[in-house]
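Chain residues, written in single-letter form:
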Amino acid sequence: MRSAVIVFPASNCDRDAHDALAQLSGREPHMVWHGDSDVPDVDLIVLPGGFAYGDYLRCGAMAAHSHIMRDIKRKAEQGIAVLGICNGFQILTEAGLLPGALMRNADLKFVCRPVELVVEESQSGFTRKYSKGERVRFPVAHGEGNYFADEATLDRLEGEGRVVFRYAPGENPNGSARDIAGILNEKRNVLGLMPHPERACDPLLGSTTGRALFQSLIESLT
Amino acid sequence: MTAITPDLLRRHGLSEDEYWRIKQLLNREPNLVELGIFSVMWSEHCSYKSTRAHLRRLPTKGPQVIQGPGENAGVIDIGDGDAVVFKMESHNHPSFIEPYQGAATGVGGIMRDVFTMGARPIAMMNALRFGAPEHGKTRHLVGGVVAGIGGYGNCMGVPTVGGEVNFHPAYNGNILVNAMCVGLARKDRIFKSAAEGAGNPVVYVGSKTGRDGIHGATMASAEFSEDSQEKRPTVQVGDPFTEKLLLEACLELMATDAIVAIQDMGAAGLTSSSAEMAAKGGSGIELNLDRVPQREAGMTAYEMMLSESQERMLMVLKPGREGEAERIFQKWELDFAVIGQTTDTGRLIVKHQGTIVADLPAHALSEEAPVYQRSYTPRAVPLPLARSAVDSSRPPLATLLTLLASPDLCSRRWIWEQYDYSVMADTVQQPGGDAAVVRVHGSTKALAITTDVTPRYCKADPFEGAKQAVAEAWRNLTAVGAVPLAITDNLNFGNPERPETMGEIVAAIDGIADACRALSFPVVSGNCSLYNETNGEPILPTPAIGGVGLIKDIAQMANIAFKREGDAIILIGKTTGHLGRSLYLREIEGREEGAPPAVDLAEEKRNGDFVRRLIEAGRAGTVHDISDGGLLVALAEMAMAGGIGAELRRENAGIAFFFGEDQARYLLAVPAREGESILAEAAKAAVPAELLGTTKGDALSLGRGVGITVAALRAAHESWFPAFMAAEKPA
């Protein structure tokens, strides 16, 4: 699997994403500067976590208009896989590649903790190595992860099997509607999620349940 | 020219004597810009004029030390060509006035100190002291400081991995916010601040200069009074986004060999960075302020030289390398301006709008500040608490529950969940243990980091208290299996012009020096914060110690969580039941009395070395040091962390055994078959050790009566902080 990690000014999980991809795929991902006009020819584009443009205006709002996003939108339409983690998820909603918005956490505080998630959907290139209903544990670390969309959109996401990760009962750290932690686009090639699978790939860090996400991608894209 | 009046001197925090000295050095009267420059450079904050003579007694050398005090941060060798760069610094006064920005810019400032040296910051810690929970401002200050630390550190993508928090009425009018940054560099790529050579370009990078923070260093060198809120405009405003770009740009430039010297613009901004770089390099610096990137129009030379706008750096480049450097800073969308050059005159010359507005000897500014031998009176050490003075009839387990839910012992989860402690994917021990542990990226080595001091001990006996702070830091590093390497110290005290306060400072420095020497644990960086008092009420003496240790093989590391049932619980160290100045005495009996526990440094070393050898040999994976709250609190923390209970066979032990705060002690939980051999080895090594009981079930029991469930312990431990912060009105 060939992959690229986009680096925005003040991305800060770019190295973590790079390491997870390099270790699990055995191939060095391209690190692509946001000011570049083209993403190299790859199978997967990752928008990493961080505070792109300082999260000024709104999280992800300025990054969504970054130079590189034009090519990412084009490639997403062509069916290239795009994974947005945390700030990357926020950028994807701001860019219109995923529906809904990520608001401030319900208690207005940043939250960092491992959370238990339910894999709601294993019928996707991102989750085929999981089984439906499987429990996984990824850390969250965000101040604005409170997923919001209107009822019709939420119903549609659920109806089309596009809610891929849900916070397990009692684990919702941010007030997200219907405990949603991660969603797919209509074509199922773009995934955004708030929790960090790349921080759950090493037994020393407490969980390895994030590996299957990258392994699913490797299996579907290689 | 502005006349220099006594009132003007007072507003600049300069004494008549100091002014006389300035005139002697210059052979003339200074102008206002020059007076301003002298006032910040000779402020307590920048010059250490009250402590310098005493700080010389601290041990600063060792085979592991690459750089001791005197640079932006200390540097330690951790083998394989790797070096650790670290320092702790206070941002107390600004944080009291404006908690969010004060704490945020404290974090930003200490990070710059570390990446200026060529290191990538990999972990942040903080040591916080607030006033009494029931004081009207406390909740607001806690909320603001925690949000500010998180707001800055989280955006930087550097994990905040631990720290400590105390509450005490002595901090009602003067909180303490001490932030520590630990970075990683290659040993042969350390950058320093000596601006050597003449004719080298002096380059300004980072944010533009504004009018914020003017005279921040002077504010930090005076006591507070009721009108301190009026000083709000002297607090700087932080922009972590720009700092993140500055970090990446600096590291990118540092990968080349274009830099001669680099220094961050922290306290006293452009003034101190230029004067210190010139003085260290034995050169001079000529600056043209017209070229300084400015945020607002019409700034005077005085304002520009004294501004403490954040996220700025001053560099001296090799001639001809400006273009290469500028391209890097342009890529990161940061200001880059050549604002002057080095000279061989030894003078700091500042030009503005075609005229020379300051012409001063750089060396005098940075090295010839007055050094005061302030008079001091030693503190009379209190008598030990009489054993009969304690009510020993209280039921231990109910007392334990009360203690676990007290402000100084309860869980700090409410705080650390607001910090991104897992970014960089190397945090192998998160907040809540003895020391945070962060892996050296891509290796099997790890750094253990801790911050410690027990101010209530220091108040009673600053010498023993300071010794204890160093010993506890050493012990916390040992308890995870690390070899303690070095410390940074952040000395927070009141007004040094009071002989009693000066006595505390002198005794604390002596205590630190003794402990560091005995434990081979040198001081490599530090910061003094004096004048921490409001309306004449000083804080508790608070010499915060930040310790760093090395775990050579991360596979052999201990943590505090019970791992399985049936493990033998072993107590290492001598228990006499010392209750003087204990949390038991304060929280349960409402008294702050007696002498603090003494630290026997030889015993500390013997016991700690014994425990570390067991960890390194893979024989003890569950270890906890015993400190605040004593043995039963430590045991409860191990049970809560592992979700497993314990049965002690100590039916007849009393309050003093369970809650005494004797030093040099650890609790271990080891497989039962190891227990006997460890006890035998301890006896041979002259290390006191005894079998206390066994890990068992889901409750803590003392061998008689009913126990208390781990769930109940957790409920008590986790409840206080969220409830306190959620309350609308002061508690």
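All values derive from a computational prediction rather than experimental measurement.

Caption draft 1: Region of the structure containing the overall build of chain A. From N to C terminus, chain A includes five helices and eleven strands. For 222 residues, the compact-globule estimate of 2.2 N^0.38 gives 17 Å, and the C-alpha radius of gyration of chain A, at 15 Å, lies within 12% of that figure. The principal-axis extents of the C-alpha atoms in chain A amount to approximately 40 × 35 × 35 Å. Every one of the 222 residues in chain A was classed for burial, and the buried ones make up 55%. Relative to all contacts within chain A whose residues are 6 or more apart in sequence, the contacts with residues 24 or more apart total 76%.

Caption draft 2: Looking closely at the interface of chain A and chain B. On the chain B side, the residues contacting the 23 residues of chain A number 22 residues. Of all the elements in the fold, those that place two or more residues in the side of chain A that touches chain B are helix H1 (14-25), strand S6 (111-119) and strand S7 (135-142) of chain A. It is S6 of chain A that contributes the most residues to the side of chain A that touches chain B, three residues altogether. Of the residues contributing to the side of chain A that touches chain B, the split by class is 13 nonpolar, three polar and seven charged.

Caption draft 3: Just the sheet that holds strand S11 (residues 190-193) of chain A, in detail. All names here are of chain A. What the nine strands build is an open sheet, ordered S2-S1-S3-S4-S11-S10-S9-S6-S7; its pairing is mixed. Of all the strands in the sheet, the pair left with one neighbour each is strand S2 (30-33) and S7. Averaged over all pairs of adjacent strands, the angle between their axes in this sheet comes to 25°, without regard to strand direction. With four bridges connecting them, strand S4 (residues 81-85) and S11 associate as parallel partners. In the strand pairing of S11, Ile85 is matched with Leu193.

Caption draft 4: Representation of the packing of H1 of chain A against helix H5 (residues 211-221) of chain A. Residue and element names in this part refer to chain A. Axis separation between H1 and H5 bottoms out at 10 Å; the angle between their running directions is 60°. The angle between the axes of H1 and H5 places the two elements in the oblique class. Crossing geometry of H1 relative to H5 is assigned as right-handed. Contacts between H1 and H5 involve Ala20, Leu21, Leu24 and Ser25 from the first element and Arg211, Phe214, Gln215 and Ile218 from the second.

Caption draft 5: Structural detail: the pairing of strand S4 (residues 120-130) of chain B. All names here are of chain B. For S4, the tally of buried residues reaches ten of eleven residues, placing the bulk of the element in the interior. One ladder, built from nine bridges, connects S4 with strand S6 (residues 176-186); its direction is antiparallel. Of the residues in S6, the one forming a bridge with Met125 is Met180. Strand direction decides the pairing type here: S4 and strand S5 (residues 160-167), joined by seven bridges, are parallel. In the sheet register, Ala127 faces S5, and the bridge partner there is Glu164. For the crossover from S4 across helix H8 (residues 138-156) to S5, the handedness is right-handed.

Caption draft 6: Fine view of the confidence of the model for chain B. In this model, chain B carries a mean pLDDT of 94, and residues with pLDDT of at least 70 account for 97%. In the predicted complex, the global pTM is 0.96; the interface-specific ipTM is 0.96.

Caption draft 7: Spatial organisation of helix H18 (residues 462-479) of chain B. All names here are of chain B. Under the 1.5 Å per step criterion, the end-to-end length of H18 is 25 Å for 18 residues, consistent within 8% with the ideal 26 Å. The buried fraction of H18 amounts to 18 of the 18 residues, a majority that puts the element mostly inside the structure. Immediately beyond the C-terminal end of H18, within one or two residues, lies Gly481, with a positive phi of roughly 100°.

Caption draft 8: Quick look at the nonpolar core. Residue and element names in this part refer to chain B. Ile449, Val470 and Ala639 are the most contacted members of the largest nonpolar core, which totals 313 residues. Sort the elements by how many residues they give to this core and helix H19 (residues 499-518) lands first, with ten residues. Excluding residues within four positions of it along the chain, Ile449 makes contact with Ala123, Met125, Val161, Gly162, Val182, Ala435, Ala436, Val438 and Val548.

Caption draft 9: How the structure looks around unusual backbone geometry. Positive phi values are uncommon outside glycine, yet Asn27 of chain B reaches one of about 65°. Along the chain, the position of Asn27 of chain B falls in the loop between helix H2 (16-26) and helix H3 (32-41).

Parameters at a glance
- Residues numbered from 1 in each chain as written.
- Chains lettered and ligands numbered in written order.
- Predicted model: local features only at pLDDT ≥ 70, side-chain atom pairs only at ≥ 80, totals over all residues.
- Helix = DSSP H or I, 4+ residues; strand = E, 2+ residues; numbered from the N terminus.
- Rg over C-alpha atoms; globule rule 2.2 N^0.38 Å.
- Buried ≥ 20, exposed ≤ 12 C-beta atoms within 10 Å, placed from the backbone.
- Contact = placed C-beta atoms within 7 Å.
- Nonpolar A, V, L, I, M, F, W, Y, C, P; charged D, E, K, R; others polar.
- Pairing = 2+ DSSP bridges.
- Axes fitted to C-alpha atoms, helices over the stretch in contact; angles between N-to-C directions.
- Parallel < 35°, antiparallel > 145°, perpendicular 65-115°, else oblique.
- Left-handed = near helix turned anticlockwise from the far one by under 90°.
- Right-handed = clockwise from strand over helix to strand, strands pointing away.
- pLDDT = per-residue confidence, 0-100.
- Expected span 1.5 Å × (residues − 1).
- Core = buried A, V, L, I, M, F, W, Y, C linked by C-beta atoms within 7 Å.

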